[in-house]
Every structure is written in C-alpha cells, then in structure tokens.
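So you can see what is in the structure, the chains are spelled out below.
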Amino acid sequence: MKFNKIFHSDIDEIGKLQPIGWTDIVPVFKFYIDSPYCRPICVKQDNKIIGIGASIRFEKTCWLAHIIVKETFRKTGIGNGIVKELLTYSARYSINTWLLVATELGQPIYIKLGFKVIGEYLFFIRKIPWAISQAPRNIVSYNEGFYSRIIEMDKEISGENRETLIHNHIKNSIVYIECNKPIGYYLPGLEEGPIIACTNEAGVELMKVKYSTVDKAVIPSVNYVGIEFLKDNGFIETETKVARMILGNDVDWKPECIFSRISGNFG
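Now for a description of the structure that goes with this document. Bear in mind that the values here come from a model prediction, so they are computed numbers and not experimental data.

On to the pattern of salt bridges. Under the criterion given, the structure shown has twelve salt bridges. In this structure, Asp 215 engages Arg 126 in a salt bridge whose closest nitrogen and oxygen atoms are separated by 2.6 Å. Linking Asp 215 in the loop between helix H7 (200-210) and strand S11 (216-220) with Arg 126 in strand S6 (residues 116-126), this pair joins segments that are 89 residues apart in sequence. Accessibility expressed as a relative area gives 41% for Asp 215, which makes it partly exposed. On the accessibility criterion, Arg 126 (13% relative accessible area) is buried.

It is worth spelling out the sheet that holds strand S8 (residues 174-178) at this point. Each strand in a sheet pairs with its neighbour through backbone hydrogen bonds, running either in the same direction (parallel) or in the opposite one (antiparallel). Pairing is antiparallel in the open sheet, where five strands are placed in the order S7-S8-S9-S10-S13. Lying at the two open borders of the sheet, with one neighbouring strand each, are strand S7 (139-141) and strand S13 (258-260). Neighbour-to-neighbour, the strand axes of the sheet open up by a mean angle of 30°, direction not taken into account. Strand direction decides the pairing type here: S8 and strand S9 (residues 181-186), joined by five bridges, are antiparallel. Within the sheet, the bridge partner assigned to Ile 174 lies in S9 and is Tyr 186.

Right, let's get into the pairing of S6. Two strands pair when backbone bridges link them, and S6 and strand S12 (residues 235-248) are joined in this way by nine bridges, in the antiparallel orientation. By the bridge assignment, Arg 126 is partnered in S12 with Phe 235. For S6 and S11, the ladder comprises five bridges, and the chain directions are antiparallel. Looking across to S11, one finds that Ile 125 is bridged to Lys 216.

Further remarks concern the nonpolar core. One finds Phe 29, Tyr 32, Ile 52, Ile 56 and Ile 150 to be the most contacted residues of the largest nonpolar core, which totals 49 residues. For Ile 56, the contacting residues outside a window of four places in its chain are Tyr 32, Tyr 37, Cys 38, Thr 61, Cys 62, Trp 63, Ala 65, Asn 265 and Phe 266. Residues Val 69, Ile 78, Ile 95 and Leu 100 belong to the second largest nonpolar core, which totals 22 residues.

Reading the values: the criteria
Residues numbered from 1 in each chain as written. Predicted model: local features only at pLDDT ≥ 70, side-chain atom pairs only at ≥ 80, totals over all residues. Heavy atoms only, no water. Salt bridge = Lys/Arg side-chain N within 4 Å of Asp/Glu carboxyl O. Helix = DSSP H or I, 4+ residues; strand = E, 2+ residues; numbered from the N terminus. Buried < 20%, exposed > 50% of the residue type's maximum accessible area, 1.4 Å probe, protein only. Pairing = 2+ DSSP bridges. Axes fitted to C-alpha atoms, helices over the stretch in contact; angles between N-to-C directions. Core = buried A, V, L, I, M, F, W, Y, C linked by side-chain atoms within 4.5 Å. Contact = heavy atoms within 4.5 Å.

So this is what it looks like as structure tokens:
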C-alpha cells in the first residue's frame, strides 16, 4: 500500500470523502497541510483518493485524526494501513503516546492495534433559549502577561505540551482571574472553543461566556459540574458519544477541568 502526502491541489478530492454528520473536513485538511507538525496522507487507486488520515505531533504526544476511507473500499485494510503508517512515521520524532477520538464503529479497529479507551466525550445541544442575565464574574480579556501561565495551565490539565497549537490563537482568549492570576481560559477562535479551568467556579463562569452565544457543547463525561451547568441552562444530551483512546505511555490529563474540548482531532 502506497501512502502519499496530501497537498492543496488534493483539497477538492478530499471534500468528496466528507462523512455525513461530520463538520467540514476541508478547512481542517488545509490546516494540516500548512502546519509543519501535522502530516496528512492519502491512499490512491487509479489516481483517485480513496483513503485519508492525519497525525498532529506535539512534544511527546501525537494525535491521529480524520481516518476516512471511501465507503466502497472499507473493510479492505486501508484504514488499518493508514493508522499504522501514521504511527510508524511519528515514532521517528520520539513520540511515546498516541491519542485519538473514536466513534463506536471505529473503536474495534483501534483496539486491535493496541489502543485502549481512557475516557468519553458527551455531546449536548441547546433546546431552551439562554436565560442567564447575570454577567460572568472575574472575566477579563487576554494580555501578554498571561501567556506563560495559560501555557503552563494547559500542560497541567491536558497532560500535553500544546503550545504550538495554542500560540496562534491565544491573543483572542478570554480569561478568568483570581487574585490577579489566570486560573481558567476560553479560546473562542480555536476549533470548537476549548475551556480549561483549574476550579469549578472558573469553568462555570467561562461557560457562561461561551454558551450565551453557542448552542452546541462537547465535554468529558466525568466533568459533572459542567454537565450539570449545561442541563440547567437549556441543553439536552444527544445520543452521540465518542471514546478517547490511547496507545503507549499514559497521559496525566484532568478531564474534570476541561469544560469544553478543542475538537475531535486535538482532544
């Protein structure tokens, strides 16, 4: 099986593999192509793309994402081959942990490759109009003095060094302050808009900011405070659930401090 790097000239063909129910994959693959720490690859037959996937490398961890095979070529080993190629290639960079988010349909494939389930994300959608009128407390806009603390806080909670991903979006962050120190942040410009917070109070106040205008939410199943907030404010849980899976060394992440994930391809 031959694996080819994906280029901007392939984007139109990539769009044809768009799965039903997924967010638009074209902007994401443009991001992968333009980011030196990402590796988007494809498999072709008769010069047509029939399978795609990507890896996103951080310091010691790597995410696998958008493993998609054209429907008529599924169950032929293409998806399995793409995953193995991404694992092998990223191992050259001293990666010792691989992560991904998998649907129920995809989990058996990854389990056979040695991945294990370490968490679950729940999906919510608003059904009742926003009713909170009280302004969120201790919320300020980003300033450069917050940079190192936000990066440190993200490492502590995610268990990864995601600075390369956060760096280009951090100026748009909204920050929760306590004793003049950031203890939570919301990044509205990065994918689904992550909320990371060291305390429940900080997480809830940042959720008030986000969900005054956003009608969908994805949150780790063990963040009971965040889930209660959503249910108390007009959101209902959908049937969608996805597993967070890992291969290699464990990551010391704190899902109870994640009040909104980045996205399915970044955790």
